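Now for the letters of each chain:
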Amino acid sequence: MRETDIAQFWSSHPCGEQLVGGGPAEQGGDDHAAFFTRYDAFKYSLEPHIPRCLDDLDLTGRRVLEIGLGQGAESEQLIRRGAKWTGVDLTQESLDRVRTRLSQRELPFEGLHQGSVLDLPFPTSAFDMVFSHGVLHHVPDIRSAQREIHRVLDPGGELVAMLYARWSLNYLLAIGVVRRTALAAAVPLARAGLLTPGGIVGAHVRQAGRIGLSRYLRMNEFIHHNTDGPANPYSRVYDRRSVRRAFPDFRLTRTYKRFMHAPPLPVRGLPGGSLLGWHLWVHLRPR
């Protein structure tokens, strides 16, 4: 898996834009200010736990590096909570959007940089905290990434990240059973001309045709295409044990799960997120 493939995907599929539509990159879409307002309202109505999790962080006056910026929603939240914030992203598209957001809202920041988590453009021990929400599970070479994060983090600092959770309703049931079963049925019907699926199902059928159905349905392949769209090139899921293996230069100090999310199952708003939630928040300290 090449990092350029990952960068190309996220440049052409800006984080979350497909969920709200009308992005500033679309012809006839909203201007940036209207889009950011609408995007944030949607995002935090769907994931209200995020601001609450950020409230628990000690951010005031701390040098915070955010890795992977998306539309800049968490970037804004971190700055508003007092962080001396710096951001880095693999794509110029995200940097342009976040710079526009922060400029329009007159929010101060230390720096915005295009770069890879595998080779961070910062000196050693430059930050008190590294924060990354929904990004590091898209990094194939996580061992190299964690070494770079360890390098730029102060020895007394902290890494806080949200990773997709293996022991979640979404991975175990929605992705592992419901979606795989549905696709296993849809592909032969489409080949026989008995089904002409559109939308996301059609995209999965086409991807399975390119890759081969049996390979596509293997969980180590299927997971890539069932987190952030069928064309997403790489994703993985984590639990406490795999976090410890993937981040050997850190000690795991705290984990918690949030967000009952398992489409197409209608579980939004139901209790149980702390047990079977899709978002695994991890706090790690440098060794």
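Worth saying up front: this structure is predicted, and the values here are computed from it rather than measured.

Let us now look at unusual backbone geometry. Going from Pro263 to Pro264, the amide bond is cis rather than trans, its omega being 15 degrees. Positive phi, normally seen in glycine, also occurs at Glu106, with a value near 55 degrees. Structurally, Glu106 is set in the loop between helix H6 (92-104) and strand E3 (111-114). Positive phi is not limited to glycine here, since Ser125 has a value of about 60 degrees. With respect to the helices and strands, Ser125 occurs in the loop between E3 and strand E4 (127-133). In this structure Ser125 comes out as partly exposed when scored by relative accessible area, which is 26%.

Below, the discussion takes up a nonpolar patch on the surface. A surface patch of nonpolar side chains, about 360 Å² in accessible area, is lined by Trp167, Leu172, Leu173 and Val177. Position of Leu172 among the secondary structure elements: in helix H8 (residues 169-191).

With that settled, the discussion passes to helix H1 (residues 3-12). By the burial criterion, the buried members of H1 are Ile6, Ala7, Phe9 and Trp10. Taken around the axis of H1, the buried residues stretch over an arc of 160 degrees, which confines them to a single face. Along H1, the residues that are exposed and aim more than 90 degrees away from the buried face are Thr4 and Gln8.

Turning our eyes to something else, we now look at the packing of aromatic side chains. Evaluation of the coordinates by the stated rule reveals ten aromatic pairs. Between the aromatic rings of Tyr216 and Phe222, the centroid separation amounts to 5.7 Å while the plane-to-plane angle is 85 degrees, which identifies the pairing as edge-to-face. With relative accessibility at 1%, the residue Phe222 sits in the buried group. Through pairs of rings, three or more aromatic residues link up here, namely Phe35, Phe36 and Tyr39. A cation sits over an aromatic face here: Arg101 above Phe36, 4.6 Å from the ring centre. Its end group placed over the ring of Tyr238, Arg236 keeps NZ or CZ at 4.2 Å from the ring centre.

Glancing now at the nonpolar core. By size, the foremost hydrophobic cluster in this structure holds 29 residues, and its most contacted members are Leu65, Leu136, Ile149, Val243 and Phe247. Elements supplying a minimum of two residues to this core: strand E1 (63-67), E4, helix H7 (142-152), strand E5 (153-164), helix H12 (240-246), strand E6 (250-258) and strand E7 (279-286). Setting aside residues no more than four positions away along its own chain, Phe247 makes contact with Leu136, Ile142, Gln146, Leu159 and Leu284. In terms of nonpolar packing, the next biggest core, distinct from the first, is built from 28 residues, Val20, Tyr39, Met129 and Val160 among them.

This next bit is on the pairing of strand E2 (residues 84-89). Most of E2 is tucked away: five of the six residues are buried. The parallel pair E1 and E2, bridged by helix H5 (residues 73-80), forms a crossover whose chirality is right-handed. Of the strand pairs in this sheet, E2 and E3 are connected by four bridges, and their pairing is parallel. Looking across to E3, one finds that Val88 is bridged to His113.

A few words now on the side chain of Thr91. If you trace the backbone, Thr91 turns up in the loop between E2 and H6. A polar side-chain atom of Thr91 sits 3.2 Å from the main-chain amide nitrogen of Ser94. Leaving out residues up to four positions away in the same chain, Thr91 has contacts with Ala7, Trp10, Ser11 and Gln114.

It is worth spelling out the packing of H8 against helix H9 (residues 199-211) at this point. Their axes nearest at 10 Å, the elements H8 and H9 cross at an angle of 75 degrees. With respect to their mutual orientation, H8 and H9 come out roughly perpendicular. Listed contacts from H9 to Leu183, Ala186, Val187 and Ala190 of H8 are His204, Val205 and Ala208. For the contact of H8 with H9, the class distribution of residues is six nonpolar, one polar and no charged.

Parameters and conventions
Residues numbered from 1 in each chain as written. Predicted model: local features only at pLDDT ≥ 70, side-chain atom pairs only at ≥ 80, totals over all residues. Heavy atoms only, no water. Helix = DSSP H or I, 4+ residues; strand = E, 2+ residues; numbered from the N terminus. Buried < 20%, exposed > 50% of the residue type's maximum accessible area, 1.4 Å probe, protein only. Patch = residues over 30% accessible without salt bridge, like charges linked within 9 Å, V, L, I, M, F, W, Y side chains within 5 Å. Areas by Shrake-Rupley, 256 points an atom, 1.4 Å probe, with all protein chains shown as cover. Salt bridge = Lys/Arg side-chain N within 4 Å of Asp/Glu carboxyl O. Arc of directions from axis to C-beta. Phe/Tyr/Trp six-rings, centres within 6.5 Å; stacked < 30°, edge-to-face > 60°. Lys NZ or Arg CZ within 6 Å of the ring centre and 35° of its normal. Core = buried A, V, L, I, M, F, W, Y, C linked by side-chain atoms within 4.5 Å. Contact = heavy atoms within 4.5 Å. Right-handed = clockwise from strand over helix to strand, strands pointing away. Pairing = 2+ DSSP bridges. Polar contact = N/O pair within 3.5 Å; in protein donor to acceptor, adjacent residues only side chain to side chain. Axes fitted to C-alpha atoms, helices over the stretch in contact; angles between N-to-C directions. Parallel < 35°, antiparallel > 145°, perpendicular 65-115°, else oblique. Nonpolar A, V, L, I, M, F, W, Y, C, P; charged D, E, K, R; others polar.

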